[in-house]
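# Inside the fold
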4 protein chains.
Amino acid sequence: MTSSALQTAVTEIAEEMAAREDRGDVASYIPELGRIDPRQFAISVVTRDGEIACGGDCDTAFSIQSISKVFTLTLALGIAGDRVWNRVGREPSGSPFNSIVQLEREKGIPRNPFINAGAIAVTDLVLAGHQPREAIGEILRFMQFLADDDAIFIDRNVALSENATGFNNRALANFMKGFGVLENEVEHVLGVYFHHCAIAMTCRQLALAGRFLAHNGVRPETGYSVVTPERARRINAIMLTCGHYDGSGEFAYRVGLPGKSGVGGGILAIVPGKASVCVWSPGLDVTGNSHLGRIALELLTSRLGWTVFGPGAV
Amino acid sequence: MTSSALQTAVTEIAEEMAAREDRGDVASYIPELGRIDPRQFAISVVTRDGEIACGGDCDTAFSIQSISKVFTLTLALGIAGDRVWNRVGREPSGSPFNSIVQLEREKGIPRNPFINAGAIAVTDLVLAGHQPREAIGEILRFMQFLADDDAIFIDRNVALSENATGFNNRALANFMKGFGVLENEVEHVLGVYFHHCAIAMTCRQLALAGRFLAHNGVRPETGYSVVTPERARRINAIMLTCGHYDGSGEFAYRVGLPGKSGVGGGILAIVPGKASVCVWSPGLDVTGNSHLGRIALELLTSRLGWTVFGPGAV
Amino acid sequence: MTSSALQTAVTEIAEEMAAREDRGDVASYIPELGRIDPRQFAISVVTRDGEIACGGDCDTAFSIQSISKVFTLTLALGIAGDRVWNRVGREPSGSPFNSIVQLEREKGIPRNPFINAGAIAVTDLVLAGHQPREAIGEILRFMQFLADDDAIFIDRNVALSENATGFNNRALANFMKGFGVLENEVEHVLGVYFHHCAIAMTCRQLALAGRFLAHNGVRPETGYSVVTPERARRINAIMLTCGHYDGSGEFAYRVGLPGKSGVGGGILAIVPGKASVCVWSPGLDVTGNSHLGRIALELLTSRLGWTVFGPGAV
Amino acid sequence: MTSSALQTAVTEIAEEMAAREDRGDVASYIPELGRIDPRQFAISVVTRDGEIACGGDCDTAFSIQSISKVFTLTLALGIAGDRVWNRVGREPSGSPFNSIVQLEREKGIPRNPFINAGAIAVTDLVLAGHQPREAIGEILRFMQFLADDDAIFIDRNVALSENATGFNNRALANFMKGFGVLENEVEHVLGVYFHHCAIAMTCRQLALAGRFLAHNGVRPETGYSVVTPERARRINAIMLTCGHYDGSGEFAYRVGLPGKSGVGGGILAIVPGKASVCVWSPGLDVTGNSHLGRIALELLTSRLGWTVFGPGAV
């Protein structure tokens, strides 16, 4: 594929998305997110060779929300290794993102690191006895490092907004604490969790940050190894089976790539060996995933033959 | 990869598996299956070029059980097209293979075509008003065609054994019938279901039958198109997210390929663009999937770099 | 209370009920019941002294449906004694009458004998290896004996209608059979179950049949002991906690008496030491209990001070 | 019954209980309660005439825990009337005392006021915008008034112990807050809740406090009306159907009286028109109810013919 072909596809998709009327609903349960203009759309693709194709508002920062869970999982695996899996499972949940039912049935062990409960358990491992402020700093610096951009910041208004209204996450965290699954104080864990969800990034930055997952754990432009090849593949596997809450099967069926969505409307998708992709549109579908984001990825992968499920990807 | 490298890997894995003491437990809830010797193991790989590498008991026929669900889904999509998705979902269930809880919550619509309830709903679509005998014949001929082997047969003792003890499946089918999800008579649907689960095949035959899923829907040796490339990819996607019941996440994490297991101890795995693989060992793990089969696949994919989640596959 | 006071209360209540427009919805899932005229209402009270006060259509036979569960439980306790409680619990279910979720969680043991699954398990104990025809005859004769009326009959059209459409009950029975909770053949148990639910009785007959529960297990006019005093009390206890499916708490709160409803629109209520009461009106509320029947009982108990929860009853 | 007959029964039961080896397990999840000596037992009965029969350690104060829920419900009904039922249901839960599953399914509305979630919702209504300190004072004064004993106190160590370890209750409260079921701040509501659960009373005091429920809402020795007769009956109804968590059916079946247990090992039982009874023994059964307490009540009611389900009570 020539670089112009990629840019052409990206540009066309951005135009098609701009023209659509169906945009889903902006997440309202975090007041600060409810104010975002739903007409925005962005797409960024970073290839192995370092080409960056962008369309739409791809230098507008948005709240990455649950996409941060991919990166805190990466950090926690570095800190705790496979001990992570004593605290959280690796199976799809068959439930909405904030369900507490499964936790009661399975003694406080969340099904996977990408539902809220699981990400809170992972955050507890990243915190690991440090001060919340230190852990927040470490996560932010990791994002800046991966995207090679010190301008990435935490939107404190979003973090405060989530803290003020995060009753469901507080319930999940206390419930797990009651089962002994969290080691640190609940409020400390939640403080870190709300802050890493409130990291603000552009599509361009997120696509850059995801590169190591597409390339055997290595940032291809520097050759720097972030994680082992096996670990990169396994994070991709969890993204594919669990990355879109109770819409994970649908995403695999339609898009056919590992991906992780956030209620801010972003989706990070990985094309193993080829590219790291980020799309963003604030309106969500009923499963809490970006409505236009998913459609844009479906168009992109269909046009470029990017899927892990067919020879087209190979 | 040279052909001898593949055969060497397969032979080594068969030897390693033969030496292991941990073999899981043979499924006992179908009396006829409970009598199988757990010390058996087989592995067959068919590449794009038509090379067949075999190890262990790969010409011993076993009960394919739930692996048949991949092929009845393929047939149902051919008969009913996307109407299939009005009757069955595409999401992982987060529950064991025979759970009825989800059906009650979701008005009789099974979560996916690879749990028992979903496969029964798919069988209803294949039956489509015909006589059970005709539908059974059609499914059997489809398997014979795909594997290019008329010797494939249905083990009627297994079918009778399942019919006599299949109370749980009978409960699932009646429950869905109560919600109007099945169109045909419950006993007719179950008759067809029990018979296609009782198809007996060897590892070699199953690996041959799976080729179209690895090659864009086409049987590579003949160029015959079984399904469209898009449909082949989507069946693979469902296999990856839902193919191992409540162990699907684990299989994706460890093996990294679309796959479908059966309680007879078989697993069919697809390496998109490269190969179709079948392993068999009758002992099951706690999630009902072949214990040594999964381990063998993990070894194979690790040695050959076969995974959909990394550049190794690409 | 003078006998005229009781008859006056009953007459007034029948008139008030006749005048109401809100009547609930007739059960439609059993086609034969769906044809009943919802404008009917009846009430019968039989006191310790043998006085019978009647209002409305109290000599019109209706399908007793789940009210039969009180009497099959009584028979099963006579046949199997406390072994009944190895097969069925004594706790409210917190679920609708036909829920299968609880059965999966609790290994096929129904929560209590008054939900469908529990009554099917009780019917299995009454069947006890006999022919279905014999068990059906025994249950019918028991009802005739208790009401002292050989005219009581089984409406075979209702039984056939339930058999033809009883997919949910067939699912429950097969599910329990899969857990080994039923000893007899599923279709035999269901045959008996559908027939005892299809017994047709008038309000007068049902109030007479319930006398032993109000009077320490004894039919007061003859002194004949049907069950021990302790067993009569305990059946009343289960009626109070479990007699109205997921509306049992509401019934206890509003009416304050042990009672058992059926989807035919009947309710049998027991005033310990004082009276046996039956009301009937075919329209049901959202929990599947007779809408006007419950209101009529609330009026009756309020006017007469009949409640087990206050000194009025004592 | 002569007064000596009652005292004889009470004395005998206390002796029988002292001799038993089976004592259940002291609640360990509240550390402060885990230190209680399990060999203690007490029983107190207060009749309509004011006779008080006592046996065992009936002047030893213990933590009343969930028994307080009867009294906060009484207060909340006085404050908010039937608006209470917009926040909490009246149905048995079919679940353990601390289950959060039902809350998720039913949008944050607890099934009844006697499971933890329901009692927290009731406490929110008692708090009603006041300072926690004032609400705690009001509840304590209500208990002192009902028992006519100003010595009743709150054990602050128990309250602190519950606060420090009450993760599950904190999860429940936050979960309800997320659904908008609580109006006050979560920590304020929990502060009041933990304190009223930590009220320390003797069996004698609790039996005295319960009199109004046995006597149409009136304290019989003074004629003072605490609640209307209808409300007293209805509180009794809820105690009978929901007073023992997932052992409520069993308690109704064996004891046959409205009752409310606490994990401190106390049970308050009401004999409508006759008596108020309190038993205490710290060891619990698997459903979290006092093991010997329930047995003692079964003996008492059996010997005295006290049951709401038979003519013996009438």
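What counts, and at which threshold
Residues numbered from 1 in each chain as written. Chains lettered and ligands numbered in written order. Predicted model: local features only at pLDDT ≥ 70, side-chain atom pairs only at ≥ 80, totals over all residues. Heavy atoms only, no water. Contact = heavy atoms within 4.5 Å. Buried area = accessible area lost by both parts, 1.4 Å probe. Salt bridge = Lys/Arg side-chain N within 4 Å of Asp/Glu carboxyl O. Polar contact = N/O pair within 3.5 Å; in protein donor to acceptor, adjacent residues only side chain to side chain. Helix = DSSP H or I, 4+ residues; strand = E, 2+ residues; numbered from the N terminus. UniProt positions renumbered as here; feature names shortened; annotations may be inferred. Buried < 20%, exposed > 50% of the residue type's maximum accessible area, 1.4 Å probe, protein only. Least-squares fit on C-alpha atoms with pLDDT ≥ 70 in both. Expected span 1.5 Å × (residues − 1). pLDDT = per-residue confidence, 0-100. Pairing = 2+ DSSP bridges. Axes fitted to C-alpha atoms, helices over the stretch in contact; angles between N-to-C directions. Phe/Tyr/Trp six-rings, centres within 6.5 Å; stacked < 30°, edge-to-face > 60°. Lys NZ or Arg CZ within 6 Å of the ring centre and 35° of its normal.

### With respect to the interface of chain A and chain D
Counting residues at the interface gives 13 residues for chain A, matched by 13 residues for chain D. Carbon and sulfur atoms supply 69% of the area buried between chain A and chain D, which totals about 1,200 Å² over both sides. A per-residue breakdown of the area chain A buries against chain D is headed by Glu104, Phe167 and Asn174 of chain A, which together make up 41% of the total. Inspection of the region where chain A meets chain D yields 0 salt bridges. Between chain A and chain D we count 0 residue pairs in polar contact (both at pLDDT 80 or more) in total. Those elements that provide at least two residues to the side of chain A that touches chain D are helix H4 (101-105) and helix H8 (167-178) of chain A.

### Some remarks on the side chain of Asn169 of chain C
Counting through the fold element by element, Asn169 of chain C comes out in helix H8 (residues 167-178). When neighbours within four sequence positions are excluded, Asn169 of chain C is seen to be in contact with Asn116, Ile120, Leu190, Tyr193 and Phe194 of chain C.

### Quick notes on the UniProt feature "binding site: substrate" (unreviewed entry) in chain A
All names here are of chain A. Within this numbering scheme, the UniProt entry marks Ser66, Asn116, Glu162, Asn169, Tyr193, Tyr245 and Val263 as carrying the feature "binding site: substrate" (unreviewed entry). By the secondary structure assignment, Asn116 is in helix H5 (residues 116-127). On the basis of relative accessible area, Asn116 is assigned to the buried category, the value being 4%. Here the side chain of Asn116 touches Lys69 through a polar contact of 2.8 Å, side chain to side chain. Secondary-structure assignment places Tyr245 in the loop between helix H12 (229-242) and helix H13 (248-254).

### Overview of the interface of chain A and chain B
Chain A puts 39 residues into the contact, and the matching count from chain B is 39 residues. On the chain A side of the contact with chain B, Arg234, Tyr253 and Phe309 of chain A bury the most area, a combined 24% of that side's loss. At the surface where chain A touches chain B, the tally comes to 6 salt bridges. For the salt bridge of Glu298 of chain A with Arg234 of chain B, the shortest nitrogen-to-oxygen distance reads 3.5 Å.

### Let's talk about the relation of the copies chain A and chain D
Expressed as a screw operation, the relation of chain A to chain D combines 0.0 Å of axial shift with a rotation of 180°, fitting to an RMSD of 0.0 Å. The transformation just described matches what one would write down for a two-fold rotation axis. Among all C-alpha atoms of chain A, that of Ala171 of chain A lies closest to the rotation axis, at 1.9 Å. A share of 100% of the interface residues of chain A reappears at the interface of chain D, consistent with the copies meeting face to face through the same patch.

### Topic: helix H9 (residues 186-197) of chain D
Residues and elements named next belong to chain D. Over its 12 residues, H9 extends 16 Å from the first C-alpha to the last, a length consistent with the 16 Å expected when each residue adds 1.5 Å. For H9, the buried fraction is high: 10 of the 12 residues fall into the buried class. Those residues of H9 not exposed but buried are Val186, Val189, Leu190, Gly191, Val192, Tyr193, Phe194, His195, His196 and Cys197.

### Things to note about the relation of the copies chain A and chain B
Mapping chain A onto chain B leaves a residual RMSD of 0.0 Å; the transformation is a rotation of 180° accompanied by 0.0 Å of translation along its axis. A share of 100% of the interface residues of chain A reappears at the interface of chain B, consistent with the copies meeting face to face through the same patch.

### With respect to the confidence of the model for chain A
Residues of chain A with pLDDT of at least 70 account for 97%, and the chain-wide mean is 94. Listed scores for the predicted complex are pTM 0.93 and ipTM 0.94.

### As for the sheet that holds strand S2 (residues 42-47) of chain D
Hydrogen bonds between backbone atoms are what pair the strands of a sheet, whose relative direction is either parallel or antiparallel. All names here are of chain D. Here 5 strands make up an open sheet; going across it, the order is S3-S2-S11-S10-S9 and the pairing antiparallel. Across the chains shown, the open sheet's two edge strands, defined by having one partner strand only, are strand S3 (52-56) and strand S9 (259-261). For this sheet the average axis-to-axis angle between neighbouring strands, irrespective of direction, equals 10°.

### Examining the arrangement of the chains
There is no contact between chain A and chain C; across them, the least C-alpha separation is 10 Å. Nothing in chain B touches chain D; the tightest C-alpha to C-alpha distance between them is still 10 Å.

### A short note on the packing of aromatic side chains
Applying the stated criterion to the full structure yields 24 aromatic pairs over all chains. Pairing Phe175 of chain C with Phe179 of chain C gives two aromatic rings, centres 5.5 Å apart and planes at 75°, and the pair type is edge-to-face. Judged by its relative accessible area of 2%, Phe175 of chain C is buried. Over the aromatic face of Trp85 of chain D sits the side chain of Arg90 of chain D, whose NZ or CZ is 5.0 Å from the ring centroid. Note that Arg219 of chain D overlies the ring of Phe145 of chain D, its terminal NZ or CZ placed 4.6 Å from the centroid.

### Some remarks on unusual backbone geometry
In this structure, Ala128 of chain B takes a positive phi of about 45° despite not being glycine. Residue classification places Ala128 of chain B among the partly exposed positions, given a relative accessible area of 40%. The phi dihedral of Gln65 of chain D falls on the positive side, at around 50°, and the residue is not glycine. Along the chain, Gln65 of chain D turns up in the loop between strand S4 (62-63) and helix H2 (68-80).

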